[in-house]
Amino acid sequence: MTIKARNRFYMFFFAISITILILSLIYFHYLKFKGLLVLPEVYQSQTASASLITGYRPFFTFLSIFIQMFYISGTSLMILYAFYKTQAGELGYFLVFLLSLMMDSLRIVIPLLQLSNTYSSSLVTLGNIIFTGTILSPLSLLCLVLFSAEEYRQNLEQNCLILLVAAAFFAFAIPLNTAILLPNYGLSCSFKKIVWTTYIVFSLIAVFSLLISNFKNEIRQLMTLGFFLIELGALLLRQSYSLLMMILSTIILGGGTFIYFKELHNRYLWNN
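Residues numbered from 1 in each chain as written. Predicted model: local features only at pLDDT ≥ 70, side-chain atom pairs only at ≥ 80, totals over all residues. Heavy atoms only, no water.

Novice: Could you clarify how one ought to interpret the packing of aromatic side chains in this entry?
Specialist: What characterises a pair of aromatic rings is the spacing of the ring centres plus the angle enclosed by the ring planes. One pass over the full model with this rule turns up 13 aromatic pairs. Centroid distance Y27 to Y30: 6.3 Å. Interplanar angle 20 degrees. Geometry classified as stacked. Of this pair, Y27 and Y30 both sit in helix α1 (residues 3-34), separated by three residues, roughly a single helical turn. With relative accessibility at 32%, the residue Y27 sits in the partly exposed group. Summarising the aromatic geometry, the rings of F227 and Y260 are spaced 6.0 Å apart at their centres and angled 50 degrees between planes, so their arrangement reads as tilted. Highlighted residues: F227 in helix α8 (residues 222-238) and Y260 in helix α9 (residues 243-271), separated in sequence by 33 residues. (Phe/Tyr/Trp six-rings, centres within 6.5 Å; stacked < 30°, edge-to-face > 60°. Helix = DSSP H or I, 4+ residues; strand = E, 2+ residues; numbered from the N terminus. Buried < 20%, exposed > 50% of the residue type's maximum accessible area, 1.4 Å probe, protein only.)

Here you go:
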């Protein structure tokens, strides 16, 4: 992928993400102003906290999703201008990562359109798309570490397409429980423990792979720290439904993104 083509992808992606953010904000406030916003019933375990700080609050679930949308738009725009003339293979896979977050942010559609407990095909399809984003997230970051070197750049578009198809295949193959809406407004799925264990394992493999790669290439491990914080912050923000989780995930994700891309920019600036 040429730099010009990649920049066009990022510009197009930014336009879509900012459009989704604006339309979601407008529709949310319209429903709230008209008194038509109906909060869905969510499943909570018996050990769930009732605290204002750590317990489920619908306001913080909505706000967390909006923060995630804003992060997608802001980060894509930042990358576009900060790396406008940089041929970095990492950026292609990070775009796929942002796409996974965009898919996940569609959780907001379930309460806005009152789809919970409808058992409709729309809810199932939407749940599969959201779940695709969950699977795609660790895979994209793992490939960012393993396949961003110069010798792999010629297969970048092909690899990204394979990632998307593979994530969608597994997401649509694993059954969803549309009767259970989680506090983050996502749907529960079958084999939940296996899915999240795999998510964490792939994430850790990506971190340790980057750690080893940076050590061999004598690159500062600040980049590894930033990368780890991005993974952790994104995971927490996906699950955020309380004040504490929202604040922590926002700080971790924002700080990690700043550290990682600052180090990545310095690396390519030094190489050039």
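Having put the structure on the table, let's press on.
Novice: How should I be thinking about the environment of S122 in this particular structure?
Specialist: Following the sequence through the fold, S122 ends up in helix α5 (residues 121-146). Each C-alpha atom of the pair S122 and E218 lies 50 Å from the other, and the pair is 96 residues apart in sequence.

Novice: Would you explain the nonpolar core in this entry?
Specialist: Proteins that are soluble and globular tend to have nonpolar side chains buried together. Of all hydrophobic cores here, the largest spans 68 residues; its most connected members are F94 and F227. Counting residues per element, this core draws most heavily on α5, which supplies twelve residues. Discounting residues that sit within four places of it in the chain, F227 has contacts with L141, L144, V145, A206, V207, L210 and Y260. (Core = buried A, V, L, I, M, F, W, Y, C linked by side-chain atoms within 4.5 Å. Contact = heavy atoms within 4.5 Å.)

Novice: Please clarify how unusual backbone geometry should be interpreted in this entry.
Specialist: Most peptide bonds are trans, and most residues other than glycine sit at a negative phi. Unusually for a residue other than glycine, Q114 sits at a positive phi of about 55 degrees. Topologically, Q114 is positioned in the loop between α4 (109-112) and α5. Backbone geometry at N117 places phi at a positive 65 degrees, although glycine is not the residue there. One can find N117 in the loop between α4 and α5. For N117, a relative accessible area of 40% puts it in the partly exposed group.

Novice: What is the right way to read the environment of F83 from this model?
Specialist: Among the structural elements, F83 can be located in the loop between α2 (58-82) and α3 (90-104). Residues F83 and N7 lie 76 residues apart in sequence; the distance between their C-alpha atoms is 8.9 Å. Once residues within four sequence positions are removed from consideration, F83 is found in contact with R6, N7, L91, F261, L264 and H265.

Novice: Is there a simple way to explain α1 in this structure?
Specialist: Working note: α-helix, 3.6 residues per turn, so residues spaced by three or four point in the same direction. End to end, α1 covers 46 Å across 32 residues, agreeing with the expected 46 Å (1.5 Å per residue, within 8%). Taken together, the buried positions of α1 are occupied by R6, N7, Y10, F13, F14, S17, L21, S24, F28 and L31. Buried-residue contacts for α1 involve α2, α3 and α4. Looking one or two residues past α1, G35 carries a phi angle of roughly 75 degrees, positive in sign. (Expected span 1.5 Å × (residues − 1).)

Novice: Sorry if this is basic, but what is going on with the pattern of salt bridges here?
Specialist: Side-chain pairs of opposite charge can arise where the charged atoms are in close proximity. All told, the structure shown has four salt bridges when counted by the stated rule. Here E90 ties to R267 by a salt bridge, and the two come within 3.4 Å at their closest N and O atoms. In this pair, E90 sits in helix α3 while R267 sits in helix α9, placing the two residues 177 residues apart along the sequence. According to the relative accessible area criterion, R267 is partly exposed, its value standing at 26%. Of the charged contacts, one joins D104 and R107 as a salt bridge, the two residues approaching to 2.9 Å between their closest N and O atoms. For D104, a relative accessible area of 3% translates into the label buried. Connected via shared salt-bridge partners are D104, R107 and R238. (Salt bridge = Lys/Arg side-chain N within 4 Å of Asp/Glu carboxyl O.)

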